[in-house]
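# Architecture at a glance
The residues making up each chain are set out below.
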Number of protein chains: 2
Amino acid sequence: MNILLTNDDGIHARGLAALYDEFSRIGRCLIVAPETEQSAVGHAITFTKPLTMRKTMHNGHYTGYAVAGTPADCVKLGVRILSEETIDLVVSGINRGANVGINVIYSGTVSAATEAAILGVPSMAVSLDSRKEEADFTVAARIARRLAFRMMERPFLKGVTLNVNVPALPEEEIRGIAATRQGATQLLETYDRRTDPRDNIYYWLAGETILPDEDDEADAWALKKGFVSVTPIQYDLTRYNVLKQLAEDLRDFS
Amino acid sequence: MNILLTNDDGIHARGLAALYDEFSRIGRCLIVAPETEQSAVGHAITFTKPLTMRKTMHNGHYTGYAVAGTPADCVKLGVRILSEETIDLVVSGINRGANVGINVIYSGTVSAATEAAILGVPSMAVSLDSRKEEADFTVAARIARRLAFRMMERPFLKGVTLNVNVPALPEEEIRGIAATRQGATQLLETYDRRTDPRDNIYYWLAGETILPDEDDEADAWALKKGFVSVTPIQYDLTRYNVLKQLAEDLRDFS
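Residues numbered from 1 in each chain as written. Chains lettered and ligands numbered in written order. Predicted model: local features only at pLDDT ≥ 70, side-chain atom pairs only at ≥ 80, totals over all residues.

## Thoughts on the environment of A206(B)
Relative to the helices and strands, A206(B) is located in strand β10 (residues 201-210). Between the C-alpha atom of A206(B) and that of D192(B), which follows or precedes it by 14 residues, the distance is 6.5 Å. (Helix = DSSP H or I, 4+ residues; strand = E, 2+ residues; numbered from the N terminus.)

## Looking at the interface of chain A and chain B
In this complex, chain A contributes 60 residues to the contact, which on the side of chain B involves 60 residues. Broken down by class, the residue content of the side of chain A that touches chain B amounts to 36 nonpolar, 13 polar and eleven charged. Taken together, the two bridges between strand β3 (residues 51-58) of chain A and β10(B) define a ladder with antiparallel strand orientation. When the bridges of β10(B) are listed, L51(A) appears paired with Y203(B). (Contact = placed C-beta atoms within 7 Å. Nonpolar A, V, L, I, M, F, W, Y, C, P; charged D, E, K, R; others polar. Pairing = 2+ DSSP bridges.)

## Here we look at the pairing of strand β10 (residues 201-210) of chain A
Residues and elements named next belong to chain A. Taken together, the ten bridges between strand β9 (residues 186-195) and β10 define a ladder with antiparallel strand orientation. Within the sheet, the bridge partner assigned to Y191 lies in β10 and is L205. Linking two consecutive strands that pair antiparallel, namely β9 and β10, is a turn of five residues; a positive phi of about 65 degrees is found at D199 within it.

## A short note on the sheet that holds strand β11 (residues 227-233) of chain B
Judged by pairing direction, the sheet is mixed, and its eleven strands sit side by side in the order β9(A)-β10(A)-β3(B)-β4(B)-β2(B)-β1(B)-β5(B)-β6(B)-β7(B)-β11(B)-β8(B) without closing on themselves. One side of each edge strand has no neighbouring strand; the edge strands of this open sheet are β9 of chain A together with β8 (176-179) of chain B. Here the average twist between neighbouring strands, direction ignored, is 25 degrees. Summarising the sheet, strand β5 (residues 89-96) of chain B and strand β6 (residues 123-128) of chain B pair through five bridges and their orientation is parallel. Paired with R96(B) across the two strands is L128(B), which belongs to β6(B). (Axes fitted to C-alpha atoms, helices over the stretch in contact; angles between N-to-C directions.)

## Some details on the packing of helix α1 (residues 14-23) of chain A against helix α5 (residues 138-151) of chain A
Residue and element names in this part refer to chain A. Relative orientation of the contacting elements α1 and α5 amounts to 45 degrees, with a least axis distance of 9 Å. The angle between α1 and α5 places the two elements in the oblique class. For the pair α1 and α5, the sense of crossing is right-handed. Taking contact as the criterion, the partners of A18, L19, D21, E22 and F23 in α1 are, on α5, T138, A141, R142, A144 and R145. In terms of residue class, the contact of α1 with α5 is built from five nonpolar, one polar and four charged. (Parallel < 35°, antiparallel > 145°, perpendicular 65-115°, else oblique. Left-handed = near helix turned anticlockwise from the far one by under 90°.)

Right under this line is the structure:
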């Protein structure tokens, strides 16, 4: 089995190393990841300029390609160019911090996995619900490996990627695994208004996440209650249930 | 009516000027747009560094804020900070080139409109199916203005943004307006492999769009046949129709 590993925290992130430790037990791992942190780049891709990359070694531990690009670039390049064999599975992560609710839209980690789905490759995004520097990724990596191995050939998941979020708990305290929807978790954003040394005004995005969704089927809420949350994610953004009404409404538009 | 205009081609793009000409007839327009081209940035937002901006004038024509950030940043800043009054409508575009099929995922133009929907503001992304430098945006701008005015208060479109693509045709040759889904148009991508002056290998994304969807309900196909395509777009990425099966499948996972 040929596995492509990537992330958005950059090739030297501990979450990626944890994925490598687990997934190299079940297949050959090719690592193609951004050379620097790419958080919140969403589904950006690079085509107005070229992509440079270099082979790099992480702590004598694994070798991979560090790409001056986005997570979605890494998946395209890895699947189309850098792998000599067909990639069977793409795993993105492990992100430091959950990717739930509206954050799914902004997440480079999730977009990398979605890109794999677009390319027709089974995939999964994995995030740990902790932003601590010393967070322990080993439990999340083990769950991700078992889940990927199990789900990657399910016909009903063809074209779908799985967005997996793991509570930052010891394995025995995790209460189970839940199929969830992307919840309505929002960001309550503010911008700090600041002045630079030359008296120009600039703004810096601040703010906090709010959790309106007290519902086990919502990703953030399941996670908060100690479950691993697994959300099936698609790249067709059409809101189908208004299509008919929209068509009727547009009938007399001229 | 307070209208925020933005785009991903940058504040000096002709497509934005065309929007301004039309929408300033029906409301006060605030322009907040990237200072440079931001194509294919998807739903990237900026929070690891601050956002700088400057007030700028376009050809003595309109004044706006040029932001060193992404289209989604522009919408957040415009709605939350830079407008003194509540924004009633966000229009993004007019993009030079269609945003249909899989391109919807990568598009900064569409992501700006989606960001408005996330913030609870009615919105629309507008693209012209021409990449020519001298393309005529006036027909598309006029259609966008009439369509926005009509649709912005429709209750069934609450939380939904409209992705509008206009054929590059004289008005009398446009065959009508169609409610469409995001089609299965794919990119057949290749990477040019090149060598830099210091003998390093680099890659440059190339490739072409393919149109597998011969179906009037698909955005690209309607557009190709001379219709204005209007796709309702949502930001909940959950693939609901597999949730139940996924839950069953995960029941014995441990």
